[in-house]
Each structure stands twice: as C-alpha cells, then as structure tokens.
Amino acid sequence: MTIPAPLAELLERNKEHQEYVKSMPSPPLDMPTMHKWAQENGGGVMVITCSDPRLNPYRILGVDAAREMKTVMIRNAGGRTFDALRSLAVLGTIGNPGTIVVMHHTDCGMTHFHDATVKKHLYEISPEGGDEIEGIKRYGEILGSIDDSIKEDVAQLRKSPFIAKGTAIVGLKYDVFTGKLEEMESWTR
C-alpha cells in the first residue's frame, strides 16, 4: 500500500520526536502509587476540548507534556463532554483529577454542522448502518451560543456520578481570532 502524502509527512516528523520522547518520564503503573502521585501533584487537570486544528490546548495553556504529566487533553468534535465521559471515568479512576476544564471555542464547526446533516452523510457512506447511526443520540451540534454549550457541558459533568467530590469544573471559551481565554462557568463538586 502506498502511504498517502499527508501521512508520509507526519511519519517523517516522527523522527524528530524520537529524541524528545527519551526525556519523558513514565508515570507510576500501579493504582496505589498513581493515586498517591496524583494527590501529591494537586490532582492534575483534564481538559476536554475540540479537535479543531486552530485549537492547540497544549500551546494555548502553555503545557509541556514532557514536564507536566498531570495535564491530560481529551479532544473530540466540538469538545463535548458526552463524548468524553468514558475517558473521564477511566482516567479519573487512575489519577483522580483535581480540575476538569471544558474548553470550547468561537467559530466551532459544530455550530455549522448539525446532527441531521451528519446523519445524512453517514447514511450516504453506509446505507446499511441505520441502527448504529440512529443509536448515537447526539453527534455534538451546538444550536445556541458557545457560552450555552459550555454551560450545558459543565452541567452534564456536575450531574455525572463519575466525577469525584471535590473536583473543580471550569468552563472556558477560547477566541480563535484573538487567542483570548475567558472563564464562563465554574463549580466544585
């Protein structure tokens, strides 16, 4: 199989990464040590955000993953929490974050692409996939404002039984045109 050019370029860049990865420490791999490590490091931060390439959460928040292993990024279309809950549940049992950040952004594609449109395209790709297409209750559309979507997602986390008591939940809005972050919602479980 011939590797498509965009992937070939990414694989070439991996050669630079191979030296960088040698400096990254490994986290503890047993649960008691991991919990202790997380507590000693302030519980860590999990950021749920969009997969839009204009939104680079590591850069926006100044996170160097090699030095700050207590920061985890969960990215999906629209940065929606309903897609992130499984990851939050798993990662929460490992490291018990002290803070969860919901970071949405202006000009998000999910304000332009609605669930009905996504379903229509999925039926075109896979006419036989109706049960699976209809089985997904939400695809992540944002019907109101970005502010509203942040509040909705923070509210979902507030109700989730998978979020430990004492966890701070913060909603941030990132402006893709100015680079400015604005706090929209804040709550501690």
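Because the structure is a prediction, the values reported are computed rather than measured.

1. Description of the overall build of the protein chain
The helix and strand tally for the protein chain stands at seven helices and five strands. What you see in the protein chain, going N to C, is helices and strands ordered as α-α-β-α-β-α-β-α-α-α-β-β. The buried share of the protein chain, taken over its 189 residues, is 34%. Intrachain contacts of the protein chain at a sequence separation of at least 6 include 71% that bridge at least 24 residues. Entry remark: accessible area of the protein chain is about 11,500 Å², with carbon and sulfur atoms responsible for 57%.

2. Let's talk about unusual backbone geometry
For Asp107, which is not a glycine, the phi torsion comes out positive at approximately 55 degrees. Structurally, the position occupied by Asp107 is in the loop between β3 (99-105) and α5 (115-125). You can call Asp107 partly exposed: its relative accessible area is 34%.

3. Quick word on the sheet that holds strand β2 (residues 71-76)
Read across the sheet, five strands follow the order β2-β1-β3-β4-β5 without closing on themselves; strand pairing throughout is mixed. A strand with exactly one partner marks an edge of an open sheet, and here the two such strands are β2 and β5 (181-188). When strand polarity is set aside, the average angle formed by the axes of neighbouring strands in this sheet is 20 degrees. With six bridges connecting them, strand β1 (residues 45-50) and β2 associate as parallel partners. Within β2, the position partnered with Val47 by the bridge is Met73. Contacting β1, β2 and β3, helix α4 (residues 81-95) crosses the sheet at an angle of about 150 degrees to β2. On top of the sheet, helix α7 (residues 146-159) reaches β1, β3, β4 (168-174) and β5; it is set at about 165 degrees to β4, its chief contact.

4. Concerning the UniProt feature "binding site: Zn(2+)" (unreviewed entry) in the protein chain
In this structure's numbering, the residues bearing the UniProt feature "binding site: Zn(2+)" (unreviewed entry) are Cys50, Asp52, His105 and Cys108. Over a stretch of 59 residues, the named residues converge on one spot in the fold, their C-alpha atoms separated by at most 9.1 Å. You can see Asp52 is positioned in the loop between β1 and α3 (57-60). On the basis of relative accessible area, Asp52 is assigned to the buried category, the value being 12%. For Asp52, the residues in contact, after removing those within four places along its chain, are Arg75 and His105. At a separation of 2.7 Å, a polar atom in the side chain of Asp52 contacts the main-chain amide nitrogen of Arg54. Mapping His105 onto the fold places it in strand β3. Taking the relative accessible area as the measure of exposure, His105 reaches 0% and is therefore buried. Excluding its chain neighbours within four sequence positions, the residues that come into contact with His105 are Cys50, Asp52, Arg54, Leu55, Ile146, Tyr174 and Val176.

5. Observations concerning α4
Quick reminder: α-helices carry 3.6 residues per turn. Residues three or four places apart thus point the same way. Between its terminal C-alpha atoms α4 stretches only 18 Å, short of the 21 Å expected from 15 residues at 1.5 Å a residue. Remark: the principal bend of α4, roughly 30 degrees, maps to Ser87. Of all the residues in α4, the buried ones are Thr81, Ala84, Leu85, Ser87, Leu88, Gly92 and Gly95. Immediately beyond the C-terminal end of α4, within one or two residues, lies Asn96, with a positive phi of roughly 45 degrees.

Reading the values: rules and limits
- Residues numbered from 1 in each chain as written.
- Predicted model: local features only at pLDDT ≥ 70, side-chain atom pairs only at ≥ 80, totals over all residues.
- Heavy atoms only, no water.
- Helix = DSSP H or I, 4+ residues; strand = E, 2+ residues; numbered from the N terminus.
- Buried < 20%, exposed > 50% of the residue type's maximum accessible area, 1.4 Å probe, protein only.
- Contact = heavy atoms within 4.5 Å.
- Areas by Shrake-Rupley, 256 points an atom, 1.4 Å probe, with all protein chains shown as cover.
- Pairing = 2+ DSSP bridges.
- Axes fitted to C-alpha atoms, helices over the stretch in contact; angles between N-to-C directions.
- UniProt positions renumbered as here; feature names shortened; annotations may be inferred.
- Polar contact = N/O pair within 3.5 Å; in protein donor to acceptor, adjacent residues only side chain to side chain.
- Expected span 1.5 Å × (residues − 1).
- Bend = angle between axes of the 7 residues up to and from the residue.

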